[in-house]
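Breakdown of the fold
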Amino acid sequence: MDDQKTESPQTNGTGSRSFADLSTPIYGLFILGILYTLYIAHQIVLPIILAVLTSLLLAPLVKKAYLRWRIPRVVSALVLVLAVLAGILGLGAAVATPALEWAQKAPEGLSRLLVGESEIMRQIDKVSQSAEQVEKSVEELSKDQGTKPTTVVLQTDSWRSQLMSKARNGIAGLALALALTYFLLVSGDRLIRNFVKQLPRSQRKTVLRITHDSQHQIAQYLAVLGLSNTSVGVLTGLICWAIGLPDPAVWGLIAGLARFIPYLGNMLTITLLAIVSAISLDVLWMMVLAPISFIVLTTIVGFFLEPWIHGFRMAINPVIIFVSIFFWGWLWGPVGVLLAVPLMTVIQVVLKQIPRLRPVYRVIAR
């Protein structure tokens, strides 16, 4: 019995190396599992993320209303959620009809801008003549062989049915996000306190400090970003209206939403404004007025006003921002592209607040 010694995993060098060698693949599989779950369950995950971000943005207002005017959280949260819903419905009602009309007119105007109407008709005639010749050749060949050509019919969903399906899913997701936002505003703090009570006493203050600091910084950043983007959108719409562009509300909305996407959003807005101006206007200096005005406006807001309003800025390397935009866009589509920067804000704050994760924050920092 004495000659046989049992070695524990801590003293067994080979065993310890085997466990360490397995840890990295296990973490990799765990991360892949999370990404796969986020991709498959996006119809549930996206409303939850939207609700969390919206609650972070509105939570300071609910707290201030309760502390200063003693307004119950139930009432203030309901008013804010209804205000958000009214804003979304009003904005959609004001923009939906002009956007659909522009979607119908845009291909024709763009074709006139690029190649001209006569050139398109000539190309279409050539393609039609080639198709007719091929059809006649096939008919003659089938007659010679005594066979009848087979007609193949492909059944696909029309773009209207696909649009209606996506609209139904979007409305359901929006309803879920608003409902969850209301409950987070009412009972979110209580949920955090109940969670903290389950932790060891030595860790409670640290977790509360991280939660409160993260909520404050994220709410501050999202509030300033939303306010500045709304200002840019309104001013862009007014500029488009002043120079006579059609549907200025649509371009103002696009300009405001696109600023949530760093770099790419501004380039997209400038390109769209240039194309719309070239199609709709005849004077050269008026064609360049809308894009140049947007560039000047974005420069003033991005480099002067936003840093002056608040000291918390995105200190993340632009490469990381680009990668995050492409990654979340690939994972969740256009909604993921819009959520890329707010999500990076949350990740940045969490990495910066937790000491063990602070080295990762230093790697991705600017």
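In short, a report on the structure.

Thresholds, definitions, all that
- Within each chain, residue numbers correspond to sequence positions counted from 1 in written order.
- Residues qualify for local features only when their pLDDT is at least 70, as the model is predicted, and side-chain atom pairs are given and counted only at 80 or more; totals for whole chains, interfaces and linings, by contrast, use all residues.
- Side-chain numbers come from the whole structure's heavy atoms, not from hydrogens or water.
- In this description, a nonpolar core means a group of buried Ala, Val, Leu, Ile, Met, Phe, Trp, Tyr and Cys residues linked to one another through side-chain atoms lying within 4.5 Å.
- We call a residue buried when its accessible area falls under 20% of the maximum for its residue type, exposed when it is over 50%, and partly exposed in between, using a 1.4 Å probe and counting protein chains only.
- Helix and strand labels come from DSSP, where a helix needs a run of H or I of at least four residues and a strand needs a run of E of at least two; each type is numbered from the N terminus.
- Two residues form a contact once any of their heavy atoms are found within 4.5 Å.
- Take the number of residues in a helix, subtract one, and multiply by 1.5 Å to get its expected span.
- Comment: arc refers to directions from the helix axis out to C-beta atoms.
- Helix axes use the C-alpha atoms of the stretch in contact, all axes being lines fitted to C-alpha atoms, and the angles between their N-to-C directions lie in the range 0 to 180 degrees.
- Every angle not falling under 35 degrees, over 145, or within 65 to 115 is termed oblique; those three ranges are roughly parallel, roughly antiparallel and roughly perpendicular.
- Less than a right angle of anticlockwise turn of the near helix away from the far helix marks a crossing as left-handed, whereas a clockwise turn marks it as right-handed.
- When residues are sorted by character, Ala, Val, Leu, Ile, Met, Phe, Trp, Tyr, Cys and Pro go into the nonpolar class, Asp, Glu, Lys and Arg into the charged class, and all the rest, Gly among them, into the polar class.

1. What about the nonpolar core?
- I49, I325, W328, W332, L339 and L343 are the most contacted members of the largest nonpolar core, which has 24 residues in total.
- The set of elements that each furnish at least two residues to this core consists of α2 (42–69), α6 (201–243), α11 (318–332) and α12 (334–353).
- Sort the elements by how many residues they give to this core and α12 lands first, with seven residues.
- When neighbours within four sequence positions are excluded, W332 is seen to be in contact with L38, H42, V45, L46, I49 and L343.

2. Description of α11
- Taking 1.5 Å of rise per residue, 15 residues should cover 21 Å, and α11 covers 21 Å from first to last C-alpha, within 8% of that figure.
- I321, S324, I325, W328, G329, L331 and W332 are the residues of α11 that are buried. For α11, the angular spread of the buried residues around the axis is 160°, confining them to a single face. Away from the buried face of α11 by more than 90 degrees, exposed residues V319, F326 and W330 are located.
- G333 lies just past α11 and shows a positive phi near 80°.

3. Here's the deal with the packing of α11 against α12
- Remark: α11 packs on α12, axes separated minimally by 7 Å, with the N-to-C direction vectors making an angle of 140°. It follows from the interaxial angle that α11 and α12 lie oblique. Handedness of the α11/α12 crossing: right-handed. Where α11 approaches α12, its residues I320, S324, I325, W328, G329 and W332 are matched on the opposing element by P334, V335, G336, V337, A340, L343 and M344.
- Here the residues of the contact of α11 with α12 sort into ten nonpolar, three polar and no charged.

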